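# Fold and contact review
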Amino acid sequence: MTLHLYDTYGRSLRPFDPIEPGKAGLYACGPTVYDYAHLGNLRTYLFVDGLRRALAFNGYEVRHVMNITDVGHLTSDADTGDDKLEARSVRSGKSAWELAAQFTQAFESDLALLNILPPTVWCRATDHIAEQIAFIEDLEAKGFTYRTQDGIYFDTTRQPDYGQLARLNRDGLQAGKRVELGDKRDICDFALWKFSGTPGQRQMEWSSPWGLGFPGWHIECSAMAEKHLGAYFDIHCGGEDHVAVHHSNEIAQTQARHGTRLANFWLHGAFLKTQDAKMSKSSGDFLRLQSLIEQGVDPLAYRYLCLSAHYRSSLNFSDEALRAAASGLSRLRTSVHGLGDTSGEADDAWLAKFAAPLNDDLNYPRALAVLWELLKSGLPDGVKKATVLRFDTALGLDLANWRPAVVAVPEHVQEWMAQREVARKERRWGDADGLRALVREVGYEIEDTAEGARAVPVGLRPAA
């Protein structure tokens, strides 16, 4: 059964045919470490992790490279404003280097809490300045650059197909531009190297053939992806906000230097939304994973929530949706734990049934539904558990290591549970359902097991 992926570049679903048999090169745009990652950012990294796990599920050896942008990303994608780290440094009183280390560590911690596999290679922009300078020198030698008062720019007019990834309408952009171009020749042109201005004015600056300065945002990914994966590799992915500018510019640079579009497949995850608006760090109003933890939410409940929506579909975040995901995860854990420790071999027919949606452009919602179908099947418990745990290598819910917590259930909850049992025996189903709902309102889910009913937290703190 062949893995099929939706390629943004070709706007089509295509079978994954690796460049090197049995192996997959994967580059994912990582964070700009001027602040904490928010839940919307983390949804993108959950999508990337799902892709990586699906590749491994299909037997591929994955080389996963992720960058850390610790210099060069300006407050505007149009090459204006301050460097995000330098600007945060001024506000915080900490050095740009200290901030980069702080937020990188926080990001890595978030990934671990979500059971996201660490990349094979972490690469920081500040560790690859020489590679970026060499890349720009090649572009200059090929006639793709020009100099302005504030930097070295890429001349996109040299490429008739510039913006193919985003299907950009260059004529429309030119007619409708409302920004001051400055010394740029074309609205689509972008910075490769920015000049520092007064020496010492910036904390992060390097000598170059063009003067003291720092690299632009886009050049880092082209240079680092090439170093660690080659000038043409299997898959490049990121958020949908990267399509129009960042990834289009990465492709332009690599086409100019090597004649390739950098990656065979370009995959993009959709936004997480709150009240139908994109979650954004720049607004200053965003949710961190730590915010959920402080409310008593298991981070893997957020992972479960993200599995419930296809990566190319927007996901609306709400307390209600998170509560439902926490409840679903709780039931799943209890069901899998209840299968016991008996051993068995994974069932091939069910593995194929699970692989079908997984290989249909990472349809994790349907794959999750197959898991629930399996749990209701008549397979022996040992076979069922072995198959579930094989599924979980793709789902990433860490089901093998979960154990039920010893929970001190409040007396009033225990009383409602006892009343529910009486109602069930007397076939007063409406009363029983009402008592179950009452228990859930205060933060517990009733699990009916072979040993009887028990109450477990649903993942959120009991309501006040």
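Once a new chain begins, its residue numbering starts again from 1 and follows that chain's sequence as written. Where totals are concerned, whole chains, interfaces and linings use all residues; where local detail is concerned, this predicted model gives features only for residues with pLDDT of at least 70, and gives and counts side-chain atom pairs only at 80 or more. Think of the side-chain values as coming from all heavy atoms in the structure, minus any hydrogens and water.

## Regarding the side chain of Asn 264
Worth spelling out the cut-off: The helix count covers DSSP runs of H or I at least four residues long, the strand count covers runs of E at least two residues long, and both are numbered beginning at the N terminus. Throughout, a residue-residue contact means that at least one pair of heavy atoms, one from each residue, lies within 4.5 Å.
Within the secondary structure layout, Asn 264 lies in strand 11 (residues 263-269). Discounting chain neighbours no more than four positions away, the residues touching Asn 264 are Asp 7, Arg 14, Asp 17, Tyr 232, Phe 233 and Asp 234.

## A closer look at the environment of Glu 447
The condition that has to hold: Working definition: with a 1.4 Å probe on protein chains only, accessible area under 20% of the residue-type maximum means buried, over 50% means exposed, and in between means partly exposed.
Within the element layout of this structure, Glu 447 appears in strand 15 (residues 444-449). For Glu 447, a relative accessible area of 8% puts it in the buried group. Sequence separation between Glu 447 and Ala 432 is 15 residues, and the spatial gap between their C-alpha atoms is 13 Å. Beyond its immediate sequence surroundings of up to four residues, Glu 447 is in contact with Ser 330, Arg 331, Thr 334, Gly 452, Ala 453, Arg 454 and Val 456.

## Re the packing of aromatic side chains
Put simply, the test is: The aromatic pairing rule takes the rings of Phe, Tyr and Trp, using the six-membered ring of Trp, and pairs them if the centres are within 6.5 Å, calling planes under 30 degrees apart stacked, those over 60 edge-to-face and the rest tilted. The rule for a charge over a ring is simple: NZ of Lys or CZ of Arg within 6 Å of the ring centre, and within 35 degrees of the ring normal.
Under the counting rule described, the total for this entry stands at 14 aromatic pairs. When the ring of Phe 144 is compared with that of Phe 154, the centres are 5.6 Å apart and the planes differ by 20 degrees; the resulting orientation is stacked. Here Phe 144 is found in the loop between helix 4 (129-141) and strand 6 (145-147), whereas its partner Phe 154 is found in strand 7 (residues 151-154), with 10 residues between them in sequence. Residue classification places Phe 154 among the buried residues on the basis of a relative accessible area of 0%. Relative to Phe 317, the ring of Tyr 302 lies with its centre 6.3 Å away and its plane at 65 degrees, an arrangement referred to as edge-to-face. A residue pair is termed long-range when its members are at least 10 positions apart, and Tyr 302 in helix 9 (residues 299-307) and Phe 317 in the loop between strand 14 (315-316) and helix 10 (319-337) qualify at 15 residues. For the residue pair Tyr 302 and Phe 317, the accessibility class agrees, reading buried in each case. Taken together, the ring pairs connect Phe 16, Tyr 60 and Phe 265 into an aromatic cluster. Just above the ring of Phe 144 sits the side chain of Arg 158; from NZ or CZ to the centre is 4.3 Å. If you follow Arg 185 out to its NZ or CZ, it ends over the ring of Tyr 146, 4.0 Å from the centre.

## Some thoughts on the pairing of strand 11
As a reminder, the rule being used: The pairing criterion for strands is at least two bridges between them, as found by DSSP. Crossover handedness is defined by viewing with both strands directed away from the observer: a clockwise path from the first strand over the helix to the second marks the crossover as right-handed.
Of all the 7 residues making up strand 11, 7 are buried; the element is thus mostly covered by neighbouring parts of the structure. Sheet topology places strand 10 (residues 233-239) next to strand 11; 6 bridges connect them, and they run parallel. Bridging from a neighbouring strand, His 236 pairs with Trp 266 of strand 11. Viewed along the sheet, the connection from strand 10 through helix 7 (residues 243-258) into strand 11 turns out right-handed.

## Overview of the sheet that holds strand 5 (residues 121-124)
What counts is decided by this rule: Whenever a helix is involved, its axis is fitted only over the stretch in contact; in every case the axis is a line through C-alpha atoms, and angles between N-to-C directions fall within 0 to 180 degrees.
Sheet architecture is open: 5 strands sit in the order 5-4-3-10-11, paired in parallel fashion. Only two strands of the sheet have a single partner each, and these edge strands are strand 5 and strand 11. Averaged over all pairs of adjacent strands, the angle between strand axes in this sheet comes to 20 degrees, irrespective of strand direction. Both strand 3 (residues 23-28) and strand 4 (residues 61-68) contribute to a ladder of 6 bridges, which runs parallel.

## Regarding the nonpolar core
Formally: Put simply, buried Ala, Val, Leu, Ile, Met, Phe, Trp, Tyr and Cys residues joined by side-chain atoms within 4.5 Å make one nonpolar core.
Ranked by size, the top nonpolar core spans 72 residues in total, and within it Leu 42 and Tyr 302 carry the most contacts. Ranked by the residues each element gives to this core, the list is headed by helix 1 (residues 39-57), at 10 residues. Beyond its immediate sequence surroundings of up to four residues, Tyr 302 is in contact with Leu 39, Gly 40, Leu 42, Arg 43, Leu 46, Leu 114, Leu 272, Leu 292, Phe 317 and Leu 322. By size, the runner-up hydrophobic cluster in this structure holds 53 residues, among which are Tyr 34, Trp 206, Phe 233 and Ile 251.

## Quick look at helix 1
Note the cut-off: The span one expects for a helix is its residue count, reduced by one, times 1.5 Å.
An ideal rise of 1.5 Å per residue puts 27 Å on 19 residues; helix 1 measures up with 26 Å between its terminal C-alpha atoms. Phi turns positive one or two residues past the end of helix 1, at Gly 59, with a value near 95 degrees.

## A look at helix 15 (residues 429-441)
Convention followed: To be clear, the arc concerns the directions from the helix axis to the C-beta atoms.
With 13 residues, helix 15 ought to run about 18 Å at 1.5 Å a step, and its terminal C-alpha atoms sit 18 Å apart, in line with that. Listing the buried residues of helix 15 in full gives Ala 432, Leu 435 and Val 439. The buried side chains of helix 15 occupy one side of the element, clustering within an arc of 65 degrees when seen end-on. Helix 15 presents Gly 430, Asp 433 and Glu 441 as exposed residues on the side facing more than 90 degrees away from its buried surface. Looking one or two residues beyond helix 15, the residue adopting positive phi is Gly 443, at roughly 100 degrees.

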